[in-house]
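# Structural features, examined
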Amino acid sequence: MTDPLTGKTVTLHDIDPSLVKITPNPNPGTPLPSEKLSFGKTFTDHMLVIPWTSTEGWAAPEIKPYGPLSLEPSSVVLHYANALFEGLKAYRSASGRITLFRPDMNMRRMNRTAERIALPTFDGQALTELIASLVRMDERWIPSEPGHSLYIRPTLIGTQNALGVGPSTSALLFVICSPVGPYYKGGFKPIALLATTKHVRAAPGGIGSYKLAANYAPGIIPQLEAAMEGYAQNLWLQGKEHFLTEVGTMNLFVVLRGEDGATELVTPPLDDVILPGVTRDSVLALARSHASTPITGLPPSKDFRVLERPISMPELVRASKESRLLEVFGAGTAAIVCPVDRIGYLGEDIHVPVGEKGMGPICEIMHREIVGRQTGVIPSDWAYVVKE
Ligand SMILES: *Cc1c(COP(=O)(O)O)cnc(C)c1O
């Protein structure tokens, strides 16, 4: 890069795992018993921290005891939300092997989000290696019960002490980890959604397709409003056509019986109001692979279509009236899949069949296939090995 002031060529350092400085926690904590875990409330002994400056690039990474950060009140992140995050998990297989699930996808998305708010980008493979080192250090925090995992939260913030709105000349990347229990304790529980016409999550030309911190706090009031009416999450709509976009902070899938009787798995196409989820991509990839490598339980591939296309509430209402609405589910790292049994829309409820198991067959199959690959039951090149 050429320095705009001096005209000199400067070399900015990328993240370099070989420079990592490790300071073990002298007071390691005691993991909670697994039945006491609630999402994102307890943290492991260590965190990964990597500072960046616009003059030097990325400094040496450090793995050190989990603890407070030191920021001046003038830090840009505290004023203008120069902040973004990722979410992925480390899984322990029955044999003790520890893996991450498709971390390359998280690294690509994190870089893409960083670019959007003029925060620094980095070598995703290098950060993945450092995350693997952190997970190995905090291995005893990964619960061993089935369905449990270690949630990993990489975060990047602008740290320049300045009140002018401009690209931050310094930044901090940190990674913290939190042991989590299964999303569904004691069987699958379908949820009810409120198709929200009062608020939007993301606007065309806006930032909804980026995992920017700024996207999440504004969803809290709509979520509380939905809860007051007896719905667990918002179903976010878009435009006067009321296109379906996302569910809470998950991507959305709808299963319909097509006019010709075939089963259609539909999800809205990626655009500027849809977050490109790793789980969404995995569901689509698996469903599409069914044509060449059949997946047990799915309809024969000639009767099964996978469609990325817009779908609106009026279409959903019509499909429901014609008994062609088969399933609705959310998809995201936390829950993997989340079945929906009811959608409130313009004062009426649309009922979605979930059967005795609390989820429809396509949702259940996708859950089985993804969990299998996360836990090593089904061998897959989506698994990134942290420890054999
Ligand atoms: C993180 C997120 C998702 C799901 O992404 P995954 O990579 O599958 O966890 C979907 N929608 C929103 C708004 C998100 O923030």
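Residues numbered from 1 in each chain as written. Predicted model: local features only at pLDDT ≥ 70, side-chain atom pairs only at ≥ 80, totals over all residues. Heavy atoms only, no water.

## Describing the pattern of salt bridges
Tallied over the full model, the rule gives 23 salt bridges. Note that R324 is salt-bridged to E259, the shortest N-O span being 3.9 Å. Separated by 65 residues along the polypeptide, R324 in the loop between helix 6 (313-321) and strand 16 (325-332) and E259 in the loop between strand 13 (250-257) and strand 14 (263-267) bring together distant segments of the chain. On the basis of relative accessible area, R324 is assigned to the buried category, the value being 13%. For E259, a relative accessible area of 71% puts it in the exposed group. Across the pair D303 and K302 runs a salt bridge whose closest N-O atoms are separated by 3.2 Å. (Salt bridge = Lys/Arg side-chain N within 4 Å of Asp/Glu carboxyl O. Helix = DSSP H or I, 4+ residues; strand = E, 2+ residues; numbered from the N terminus. Buried < 20%, exposed > 50% of the residue type's maximum accessible area, 1.4 Å probe, protein only.)

## Quick look at the side chain of R201
Mapped onto the fold, R201 is located in the loop between strand 10 (191-196) and helix 4 (220-228). A distance of 2.8 Å separates a polar atom in the side chain of R201 from the backbone oxygen of G208. In this structure the side chain of R201 is engaged in a polar contact, spanning 2.9 Å, whose partner is the side chain of E246. Beyond its immediate sequence surroundings of up to four residues, R201 is in contact with G208, N215, W236, E246, G248, V273 and L275. (Polar contact = N/O pair within 3.5 Å; in protein donor to acceptor, adjacent residues only side chain to side chain. Contact = heavy atoms within 4.5 Å.)

## Details of helix 2 (residues 103-116)
Since there are 3.6 residues in each turn of an α-helix, residues three or four apart along the chain are aligned in direction. Here helix 2 contains 14 residues, and its C-alpha end-to-end distance of 20 Å stays within 8% of the 20 Å for a straight helix at 1.5 Å per residue. Here helix 2 has its buried residues at P103, M105, N106, M107, R109, M110, N111, T113 and A114. A118 sits one or two residues past helix 2 and shows a positive phi near 55 degrees. (Expected span 1.5 Å × (residues − 1).)

## Some remarks on the UniProt feature "modified residue: N6-(pyridoxal phosphate)lysine" (unreviewed entry) in the protein
Mapped onto this structure's residue numbering, the UniProt feature "modified residue: N6-(pyridoxal phosphate)lysine" (unreviewed entry) falls at K211. Relative to the elements of secondary structure, K211 occurs in the loop between strand 10 and helix 4. Ignoring anything within four residues of it in the chain, the contact list for K211 reads L84, F85, E86, G87, R109, T113, Y216 and L275. (UniProt positions renumbered as here; feature names shortened; annotations may be inferred.)

## A word on a nonpolar patch on the surface
Among the surface-exposed residues, L69, L71 and L78 lie close enough to one another that they form a single nonpolar patch of about 240 Å² accessible area. Mapped onto the elements of the fold, L78 is located in helix 1 (residues 77-80). According to the relative accessible area criterion, L78 is exposed, its value standing at 52%. (Patch = residues over 30% accessible without salt bridge, like charges linked within 9 Å, V, L, I, M, F, W, Y side chains within 5 Å. Areas by Shrake-Rupley, 256 points an atom, 1.4 Å probe, with all protein chains shown as cover.)

## Brief notes about the pairing of strand 2 (residues 46-53)
Extensive coverage of strand 2 is indicated by the burial of six of its eight residues. Examined bridge by bridge, strand 2 and strand 4 (residues 62-65) share four bridges and lie antiparallel to one another. Bridged to M47 within strand 4 is K64. In terms of strand pairing, strand 2 meets strand 9 (residues 170-180) through six bridges, oriented antiparallel. In the sheet register, W52 faces strand 9, and the bridge partner there is A171. If you look at the hairpin formed by strand 2 and strand 3 (residues 57-58), you'll find three residues sitting between the two strands. (Pairing = 2+ DSSP bridges.)

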